[in-house]
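Report on the structure
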Amino acid sequence: MENTKKMGKELYENLGKLFYAIAMADSRVHAKEVSKLRSFIRKYWLEVDELEDEFGTDAAFQIESVFDWAMDKEKDSEVCFDEFKEFYKDNSNMFSKFIKVLILDTANAISNSFSGKNKAELVMLGKLELLLKK
């Protein structure tokens, strides 16, 4: 059970990196992108499972925490995307069809939230879609 909790938390942490990478694809994160992510977490991600972190908080909030951390540290979007990609390759069994659809929906919502999708975001969304088809 403890291993399941650890893996679930790692999944959400890596999703935080991925969604940051999408928002940062154009070299800056806009307030509307952050707001859209927060609303998606509350509206959809909290319902995914019953997993809680060590503080009794829904583990899905790890997405937000890691996103905020990456933003504070001004992490490189490609590096964050690559870290998600490695996690996905090593743990593809954790990604159900439902989770993959929710990931793509969230990523698209983030990139659409500020002036529509730009070229950098389209490229990253394309790479994500190809990755999730594997």
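A short tour of the structure in this document, coming up. (Residues numbered from 1 in each chain as written. Predicted model: local features only at pLDDT ≥ 70, side-chain atom pairs only at ≥ 80, totals over all residues. Heavy atoms only, no water.)

We now examine the overall build of the protein. Looking only at helices and strands, the protein features six helices and zero strands. Listing the helices and strands of the protein from first to last along the sequence gives α-α-α-α-α-α. In terms of overall size, the protein behaves like a compact globule, its C-alpha atoms giving a radius of gyration of 14 Å where 134 residues would be expected to give roughly 14 Å. Projected onto its principal axes, the C-alpha coordinates of the protein cover approximately 40 × 30 × 25 Å. For the protein, long-range pairs separated by at least 24 residues make up 76% of all intrachain contacts whose partners lie at least 6 apart in sequence. When the accessible surface of the protein is totalled, it reaches about 7,400 Å², and 51% of it is carbon and sulfur. Put simply, the protein has 21 plus and 25 minus side-chain charges, and the middle of one group is 6 Å from the middle of the other. (Helix = DSSP H or I, 4+ residues; strand = E, 2+ residues; numbered from the N terminus. Rg over C-alpha atoms; globule rule 2.2 N^0.38 Å. Contact = heavy atoms within 4.5 Å. Areas by Shrake-Rupley, 256 points an atom, 1.4 Å probe, with all protein chains shown as cover. Lys, Arg positive; Asp, Glu negative; His and termini not counted. Charge placed at Lys NZ, Arg CZ, Asp CG, Glu CD.)

Moving on to the packing of aromatic side chains. Where two aromatic rings form a pair, the distance of their centres and the angle of their planes describe that pair. Applying the stated criterion across every chain, the model contains eight aromatic pairs. Both rings, one in Phe19 and one in Trp45, keep their centres 6.2 Å apart while their planes meet at 55°; by these two values the pair is tilted. With Phe19 in helix H1 (residues 2–23) and Trp45 in the loop between helix H2 (31–43) and helix H3 (61–72), this residue pair connects regions lying 26 residues apart in the sequence. Assigned by exposure class, Phe19 and Trp45 land together as buried. Aromatic ring contacts, followed pair by pair, group Phe84, Phe87, Tyr88 and Phe95 into a single cluster. Stacked on the ring of Phe81, the Lys or Arg Lys127 has its end atom at 5.0 Å from the ring centre. (Phe/Tyr/Trp six-rings, centres within 6.5 Å; stacked < 30°, edge-to-face > 60°. Buried < 20%, exposed > 50% of the residue type's maximum accessible area, 1.4 Å probe, protein only. Lys NZ or Arg CZ within 6 Å of the ring centre and 35° of its normal.)

This brings us to unusual backbone geometry. One non-glycine residue, Ser27, lies in the positive phi region at around 75°. Of note, Ser27 is situated in the loop between H1 and H2. Owing to a relative accessible area of 60%, Ser27 belongs among the exposed residues under this scheme. In this structure, Glu74 takes a positive phi of about 50° despite not being glycine. Counting through the fold element by element, Glu74 comes out in the loop between H3 and helix H4 (77–90). Looking at Glu74, the relative accessible area reads 67%, which means it is exposed.

Ranked by size, the top nonpolar core spans 41 residues in total, and within it Leu15, Leu18, Phe19, Trp45, Phe84, Ile103 and Leu128 carry the most contacts. Among the secondary structure elements, those contributing two or more residues to this core are H1, H2, H3, H4, helix H5 (97–112) and helix H6 (119–133). No other element matches the 10 residues that H1 contributes to this core. Apart from the residues within four sequence positions on either side, Trp45 is in contact with Tyr12, Leu15, Phe19, Phe40, Ala60, Ile63, Ile99, Leu102, Ile103 and Thr106. (Core = buried A, V, L, I, M, F, W, Y, C linked by side-chain atoms within 4.5 Å.)

That is the geometry; function is a separate question.
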